[in-house]
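Working through the structure, step by step
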Amino acid sequence: MATAAAHQTARTQPHTEQAGGSDADEAYARVFDATVAADERIEPRDWMPDAYRATLVRQIAQHAHSEIIGMQPEANWITRAPSLRRKAILMAKVQDEAGHGLYLYSAAETLGASREELLDKLHSGRQKYSSIFNYPTLTWADVGAIGWLVDGAAITNQVPLCRCSYGPYARAMVRVCKEESFHQRQGYELLLALSRGTPEQHAMAQDAVDRWWWPSLMMFGPPDDESAHSAQSMAWKIKRHSNDELRPALRRHLRPPGGLARPHAARPGPEMERGAGTPRLRSHRLDRVQGGPQGQRPLQRAADHTTQARARRGRVGTRGGRRLRGQTQLWDGSGAGMTNTDWPLWEVFVRSRRGLSHTHAGSLHAPDAEFALRNARDLYTRRGEGVSIWVVPSSSITASSPDEKDPFFEPAADKPYRHPTFYEIPEGVKHL
C-alpha cells in the first residue's frame, strides 16, 4: 500500500534534533499530508499529528456517546409498543444502536483512548453527545418521527464519513450506515401507518413531525462560520461536507409519508436567512435548540407522580390511545388476555456457519414456537451468524444442578476402562 510504503520511507530517513523540532517529524508530516491529499487512509500505526488524533477522539467519542444515549428514549417505548410486530422492530433497532456505539468505541480505542476514560468523561460532562436526545418522546408517533427525521439526518451526515481519512472510523461507518437506512425506513413506515389511521392518529403523527423537525435540522451543528472544528476537519478529510451543505441536503430529500404536511421549517420564513447562497439558520433558532451551558440538558424530565400524570402515562398517544394499547394483548380463545409477561420462556440454540453442532445462544419469551423461532432469528442471527436455529421450551429441559456435580459425575470416574488408553491398536488398523 502506498501509505505504508511512504511511512516506512519516512522512518528510515536520518533525523537530527534541531531547535525548532526534528527532521523526522517534518518528514512524517509531509507523508501524512500527501496521504490525505491522495484520498488514502490513515491507519492506526501510521504517524499522525497530535491535533488530528485529538480531533478524531473527540468526534468518534461524541458519535459513540450519541448512539448509546440515543437508544434510551426509544427503549422506553418497547413495553408500550402497540403490537408484537412493532415491539420486535423496536427491539432490533435499539440493539442496533447499542452495536453502533460499540463499533465506534472500538474505533476510538485504536487511537489510544480507553473506553473507560471515554465513559468517565461522558458521565462527568467533559464530553458531549447529540443534544437532540434530550427531547422527551411524548407519544408513540415520536418513535416514527425519530426514525424518519433523526435517523434521516444521521444518514445524511454519516454516509460521507464512509470516506473519512481515518481507516477504522470509515470502515465502522460503512456497517453503521447500512443499518441506519433500515431504521429510517422503519420510521417512515410507522408514520405512514399512523397517517392512514384515525383522525387522532393522523394528528398525533403530524404533531410528532412538527416537534422533531427543528431538532433534526440542528443535528448538523452550528453554521460553518460559527463552528470551531468544521474547517480543520474538512481540511484533514475527516468530514467531507460542511454543516451548511448537509442541512439543505436533508431538506431536499425529505418527502412526508401519506397525507402528512411538510414540516413548517421547510418553507421560507423569518427563521431562515436567505441570500445569494445556501439558506442558513438564524442564531436565535440555534440558541433555542442548544439550550443549557454546553448545549446539554437533562435527558428526560423528572418523573411526575401526580394523579393526572399517572393517567397521562396510562395512554399510548395523545388521544384515544387505549385502543392502541389493546393491540398488545394476545387472546388464547378463552376471552382472557395474555401479555408478554405470561409468555413461556424458550431456550435458543444456534448452529454457526462454521460449526457442526448447535450451541446455546440465550433465552427469550414468546407465545408459541413459531414466534420464538422468528424472535430468535431477529435477536441472535441478525448479522448472518447462523445457518440453523433450535428453540426449546425451558420447561421441557431436564438439567443437572451444578451444585451436585461431584455426586452426579462420580460414577463416571469409576469406569476408567472406557478410556482408549487400556487398549492396544493393532498395526494396520487405521482411523480407529
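Everything below is about the structure shown above.
Structure report, in brief. (Residues numbered from 1 in each chain as written. Predicted model: local features only at pLDDT ≥ 70, side-chain atom pairs only at ≥ 80, totals over all residues. Heavy atoms only, no water.)

**Some details on unusual backbone geometry**
A positive phi angle, near 60 degrees, is found at D39, a position not held by glycine. Topologically, D39 is positioned in the loop between α2 (23-37) and α3 (50-75). (Helix = DSSP H or I, 4+ residues; strand = E, 2+ residues; numbered from the N terminus.)

**Topic: helix α6 (residues 141-158)**
Taking 1.5 Å as the rise per residue, α6 with 18 residues should run 26 Å; its terminal C-alpha atoms sit 25 Å apart, in good agreement. Where α6 bends most, at G147, the angle is about 25 degrees. Burial within α6 is extensive, with 16 of its 18 residues counted as buried. (Expected span 1.5 Å × (residues − 1). Bend = angle between axes of the 7 residues up to and from the residue. Buried < 20%, exposed > 50% of the residue type's maximum accessible area, 1.4 Å probe, protein only.)

**Concerning the environment of D210**
Secondary-structure assignment places D210 in helix α8 (residues 199-217). Looking at D210, the relative accessible area reads 29%, which means it is partly exposed. Remark: the alpha-carbon pair of D210 and A145, spanning 65 residues in sequence, is separated by 9.0 Å.

**Quick notes on the pattern of salt bridges**
Counted by the stated rule, this structure contains 14 salt bridges. Among the salt bridges present, the one from R211 reaches D207, with a minimum N-O distance of 2.9 Å. Of this pair, R211 and D207 both sit in helix α8, separated by four residues, roughly a single helical turn. Residue R211 is classed as partly exposed on the basis of its relative accessible area of 28%. Taking relative accessible area as the criterion, D207 reaches 32% and is therefore assigned partly exposed. Among the ionic pairs, E370 bridges to R374, the shortest N-O distance being 2.9 Å. Separated by four residues within a single helix, E370 and R374 lie in helix α14 (residues 369-380), roughly one turn from each other. Ionic contacts of the salt-bridge type, sharing partners, join the residues D39, K237 and R240 into one network. (Salt bridge = Lys/Arg side-chain N within 4 Å of Asp/Glu carboxyl O.)

**Examining the packing of α6 against helix α7 (residues 167-195)**
In contact at an axis separation of 7 Å, α6 and α7 are set at 145 degrees when each is read in the N-to-C sense. Handedness of the α6/α7 crossing: left-handed. (Axes fitted to C-alpha atoms, helices over the stretch in contact; angles between N-to-C directions. Left-handed = near helix turned anticlockwise from the far one by under 90°.)

**Some details on the sheet that holds strand β7 (residues 345-352)**
Taken together, the three strands give an open sheet; going across it, the order is β8-β7-β9, and neighbouring strands pair in antiparallel fashion. This sheet does not close on itself; its edge strands, each paired only once, are β8 (359-365) and β9 (386-393). Here the average twist between neighbouring strands, direction ignored, is 30 degrees. Pairing geometry for β7 and β8, over six bridges, is antiparallel. Bridging from a neighbouring strand, V350 pairs with T359 of β8. This element, α14, spans β7, β8 and β9 of the sheet and lies at about 115 degrees to β8. (Pairing = 2+ DSSP bridges. Contact = heavy atoms within 4.5 Å.)

**Focus on the pairing of β7**
Taking the residues between adjacent antiparallel strands as the criterion, β7 and β8 are bridged by six residues. Pairing analysis gives seven bridges linking β7 to β9, with the strands arranged antiparallel. Within β9, the position partnered with R351 by the bridge is S388.

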